[in-house]
Amino acid sequence: MDKRYISVAIDGPSASGKSTVAKLLASKLHFLYIDTGAMYRAYTLAVINKGLDPKSESESNILIGKINISFDDNNHILLDGKDVSKEIRENVVADNVSYIASYKEIRLFLVSLQQEIAKGKNVVMDGRDIGTYVLKDAQVKIFLCAKEEERARRRYLENIENGRETSFEDCLANIKKRDYIDSHREFCPLKQAEDAIILDSTDMKIEEVVEKMMEIIKEKGIEL
Ligand code: CDP
């Protein structure tokens, strides 16, 4: 990794608030924000749209190198040039994304895209394997967690706000299922990097989490 550029890696379980705080942090720092979860979600959406079975690795692998996943200037995710930022948040994608994310070849395809996007830039990147694999030389690594019930509550409120049909129980079940699959897959499981700082956001407001992250960055002696 080019040491002239700064990378902030934020990993953690589902709905721990990574995307929300990572986005705010990146805008405070004037860094590029890269939401890797959105990329796994976009791949999952492509599999579903093409009528392939996300539970089948060989069927899902068919799209490797054949679809285009990118971000526009507003950080909206594009699938073959089309803005799919709303579609990737639908329940059907949330229900299937962890299968797709457990397939090694698909991960290698998306990881190389992620590293390409981050090349030669100051970035905040969030996901599950950023500090352990994608940007393992990142100067700042944070593992953001929160109690399961609180994460489910946040996701429930977020879904309601966006008009998505949902119940607290469904959110909790989806979070538990994804965390289980994400932590138990063979290749690049969700894991805290040895040199990551743990931040428990259960009782913290969004702004407090962002402030705490800014402190962590300053304590590392990084010149901004
Ligand atoms: O926002 P939320 O925490 O619900 O999840 P996300 O960050 O959008 O990620 C969706 C899914 O993509 C996760 O449950 C993982 O299965 C997968 N993922 C991954 O495996 N590795 C990453 N670096 C990012 C996401």
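Further up the page is the structure itself.
Residues numbered from 1 in each chain as written. Predicted model: local features only at pLDDT ≥ 70, side-chain atom pairs only at ≥ 80, totals over all residues. Heavy atoms only, no water.

### Considering the packing of helix 2 (residues 36–49) against helix 4 (residues 91–100)
Line of reasoning, step 1. Two numbers describe how helix 2 lies on helix 4: the axes approach to 9 Å, and their chain directions differ by 105°. Viewed along their axes, helix 2 and helix 4 adopt a mutual orientation that is roughly perpendicular. For the pair helix 2 and helix 4, the contacting residues are Tyr 40, Arg 41, Tyr 43, Thr 44, Leu 45, Val 47 and Ile 48 in the first and Val 92, Val 93, Ala 94, Asn 96, Val 97 and Ile 100 in the second.
Line of reasoning, step 2. Residues that form the contact of helix 2 with helix 4 fall into these classes: 10 nonpolar, 2 polar and 1 charged. (Axes fitted to C-alpha atoms, helices over the stretch in contact; angles between N-to-C directions. Helix = DSSP H or I, 4+ residues; strand = E, 2+ residues; numbered from the N terminus. Parallel < 35°, antiparallel > 145°, perpendicular 65-115°, else oblique. Contact = heavy atoms within 4.5 Å. Nonpolar A, V, L, I, M, F, W, Y, C, P; charged D, E, K, R; others polar.)

### Some details on the side chain of Asn 159
Line of reasoning, step 1. For Asn 159, the location among the structural elements is in helix 7 (residues 148–161).
Line of reasoning, step 2. Note on Asn 159: relative accessible area 5%, which makes it buried.
Line of reasoning, step 3. Beyond its immediate sequence surroundings of up to four residues, Asn 159 is in contact with Asn 91, Arg 164, Thr 166 and Cys 171. (Buried < 20%, exposed > 50% of the residue type's maximum accessible area, 1.4 Å probe, protein only.)

### Regarding helix 7
Line of reasoning, step 1. Across its 14 residues, helix 7 extends 20 Å between first and last C-alpha, which sits within 8% of the 20 Å expected from 1.5 Å per residue.
Line of reasoning, step 2. Residues of helix 7 that are buried include every one of Glu 150, Arg 151, Ala 152, Arg 155 and Asn 159, and no others.
Line of reasoning, step 3. Lining the buried residues of helix 7 we find helix 2, helix 4 and helix 8 (168–184).
Line of reasoning, step 4. Of the residues flanking the end of helix 7, it is Gly 163, one or two places downstream, whose phi is positive at about 70°. (Expected span 1.5 Å × (residues − 1).)

### Some details on the sheet that holds strand 6 (residues 123–127)
Line of reasoning, step 1. Here we have 5 strands laid out as an open sheet, ordered 2-6-1-7-8, and parallel in their pairing. The two strands at the open ends of the sheet, each matched to only one other strand, are strand 2 (32–35) and strand 8 (197–200). Averaged over all neighbouring strand pairs, the angle between strand axes comes to 20°, with direction disregarded.
Line of reasoning, step 2. With 5 bridges joining them, strand 1 (residues 7–11) and strand 6 adopt parallel strand pairing. (Pairing = 2+ DSSP bridges.)

### A look at the side chain of Asn 96
Line of reasoning, step 1. For Asn 96, the position within the fold is in helix 4.
Line of reasoning, step 2. For Asn 96, a relative accessible area of 14% corresponds to the buried category.

### Focus: helix 4
Line of reasoning, step 1. Counted residue by residue, helix 4 has 7 buried out of 10 residues, so it is predominantly covered.
Line of reasoning, step 2. Along helix 4, the residues classified as buried are Val 93, Ala 94, Asn 96, Val 97, Ser 98, Tyr 99 and Ile 100.
Line of reasoning, step 3. On its buried face, helix 4 sits against helix 2, helix 3 (57–61), helix 5 (104–118) and helix 8.

### Regarding the packing of aromatic side chains
Line of reasoning, step 1. By the definition in use, this model includes 2 aromatic pairs.
Line of reasoning, step 2. Between Tyr 43 and Phe 109, the ring centres sit 6.2 Å apart and the planes meet at 75°, which makes this aromatic pair edge-to-face. On the criterion of sequence distance, the pair formed by Tyr 43 in helix 2 and Phe 109 in helix 5 is long-range, its members being 66 residues apart. As far as the burial class goes, Tyr 43 and Phe 109 line up, both buried.
Line of reasoning, step 3. Judged by centre distance (5.5 Å) and plane angle (75°), the ring pair of Tyr 133 and Phe 187 falls under edge-to-face. (Phe/Tyr/Trp six-rings, centres within 6.5 Å; stacked < 30°, edge-to-face > 60°.)

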